[in-house]
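Below are the chains, spelled out letter by letter.
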Amino acid sequence: MVKMVYAVAAAVIITALIVGPAVWYVTRPPPEDVVEIYHWWTSGGEKAAIDALVSVFEDKYPGVFVKQTPVAGGAGYVMKALMKSLVLAGEAPDAFQMHAGYEGKPYFEAEYLEPITDLWVAEGWKDVIPDVVEAMVKFDGEYYSVPVNIHRVNVVWYNKDVLQDHAIDPATLTTWDAFFTACDKLVAEGHTHPIALGDIGKWADTHVLEQIIAGEGIAFYEKWVNGKVTSATDTTLVHALNTFKTYLGYVNPDHAALTWDQATARVITGEAAFNVMGDWANGEFIVPAVGKVYGTDYGTFPTPGTAGMYGLCIDCFQHPAGVAHPANSLNWIRVVGSKEGQDAFNPKKGSIPARTDADITKYGPYQKAAINDFRNATYMYPSVAHGSGAPETFTAELDDIMSAFVTDKDVSAAATALTAATTAASADYTTDWSLD
Ligand code: BGC
């Protein structure tokens, strides 16, 4: 009898061991219940933001797992090259982070993206996405991506205590001359490197030059993005490069070893006074582990000469052709473009939503001010450093040219290299930007 009980118990256990995995195997989420996305959001604020967006998706589509592949490297300097090779090899993920504007063009031309015009219509995005942004996600009249945010690039971040301690009024720093005078004061009073720069990956150099070029006036910026600055002796270009040269006199000597967020961290701690960066930097100040308060601990002003201007860096996702999970890919894009998705992502990211119907109460004070500035901007301009404003054949050269300049500070060599790169890419300047 006892033997029999043991035998039955053993049979039950063995059956359970066999049936359990078999049931799991049959009822497990099918492989298509995955959406694989690539992005380069790895800093504290960036990670918090993408995780919030993923949560919105997973709540809406329970059972579909978002497989994130984050590729470290600010502004996508690592991921962009990796993505090209994946897409070329026919291994595009279901969606990937991409800037609006020129950055999508090579993919569109090689027919690696499918139009999502139907989705734009069905979701009513046209009614809630500003025209200036909408125009940047279309090729040949069809929509190819949807924006998740709008970043402002022409921002100086400052540590409030540092400026107060040195009696510097940020409201007066509206020209580069005034800004450099403030830097001189900080240096004289012991702040040897008042400007934080972190240019691992080189793009942060281009980012600064771009804002200096914008500070030369919208007409010059327009000329630049339309590929019309082709003379190495162009006085405005030379002036901009000289301003950048002066700027470099105030940056931390270890800049080449720092990432963008490590440079922002120096403003957070007060080691540096200023950092020129897009408003993803806001995410670093407000991430709970840091917990700084805009207006109390830190502040911002437009990079000198750009008051009333809004430099645009816009992150998008798209629907690549032939992906492994097409329905999930489209659902991911749906969430990216949704009010709920944008209102979960952007408050943490630091940016403002691409949608005009966002719930403003969800946003912090910097973003409330930025939403207002965006609505009232006199001029908007597409970032070149962040893929939108100029063709890739030009931008591929740009970071190397600027990085060389940061080392040799040779204005004439940089002007020659920049204008030669523009001329070499002349056939690719197909967008006729009209910015003023
Ligand atoms: C992206 C932002 C990102 C930043 C730093 C920019 O190019 O648009 O989303 O936070 O790079 O990585």
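In what follows, the structure referred to is the one given above.
Thresholds, definitions, all that
- Residues numbered from 1 in each chain as written.
- Predicted model: local features only at pLDDT ≥ 70, side-chain atom pairs only at ≥ 80, totals over all residues.
- Heavy atoms only, no water.
- Near = heavy atom within 4 Å.
- Polar contact = N/O pair within 3.5 Å; in protein donor to acceptor, adjacent residues only side chain to side chain.
- Areas by Shrake-Rupley, 256 points an atom, 1.4 Å probe, with all protein chains shown as cover.
- 1 Å grid on protein atoms, 1.4 Å probe; cavity = no way out; pocket = protein on both sides within 12 Å on 5 of 7 lines; lining within 4 Å.
- Sits in = over half its atoms within 2 Å of the grid points.
- Nonpolar A, V, L, I, M, F, W, Y, C, P; charged D, E, K, R; others polar.
- Domains from an automatic or database assignment.
- Core = buried A, V, L, I, M, F, W, Y, C linked by side-chain atoms within 4.5 Å.
- Buried < 20%, exposed > 50% of the residue type's maximum accessible area, 1.4 Å probe, protein only.
- Contact = heavy atoms within 4.5 Å.
- Helix = DSSP H or I, 4+ residues; strand = E, 2+ residues; numbered from the N terminus.

Asks: Can you break down the site of the ligand residue by residue, with the values?
Replies: Around the ligand, the surrounding shell holds 14 residues, and the nearest of these are Glu 46, His 99, Asp 315, Lys 349 and His 386. Here an oxygen atom of the ligand and a side-chain polar atom of Lys 349 are 2.7 Å apart. When the ligand sits alone it has 310 Å² of accessible area, and the protein chains cover 100% of it. At a threshold of 2 Å from the grid points, most atoms of the ligand map onto the largest cavity. By residue class, the composition of the shell around the ligand is six nonpolar, five polar and three charged. Here the shell around the ligand gathers at least three residues from each of two domains, domain 1 (32-151 + 313-375) and domain 2 (152-311 + 381-428).

Asks: Give a detailed account of the nonpolar core, specifying residues and quantitative values.
Replies: Ranked by size, the top nonpolar core spans 120 residues in total, and within it Phe 179, Leu 241, Phe 244, Tyr 247, Phe 274, Trp 332 and Phe 394 carry the most contacts. Both domains that furnish three or more residues to this core are identified here as domain 1 (32-151 + 313-375) and domain 2 (152-311 + 381-428). Look past the residues within four positions of Phe 394 in its chain and what remains in contact with it is Trp 224, Val 384, Leu 418, Ala 421, Thr 422, Ala 425 and Tyr 429. Formed by 15 residues, the second largest nonpolar core is a distinct cluster that contains Trp 40, Met 79, Phe 96 and Tyr 107.

Asks: Account for unusual backbone geometry, naming residues and giving values.
Replies: A positive phi is found at Ala 167, a non-glycine position, where the angle reads about 50 degrees. Along the polypeptide, Ala 167 turns up in the loop between α8 (160-165) and α9 (176-188). Positive phi, close to 50 degrees, is recorded for Lys 409, a residue that is not glycine. Locating Lys 409 in the fold gives a position in the loop between α18 (392-408) and α19 (411-424).

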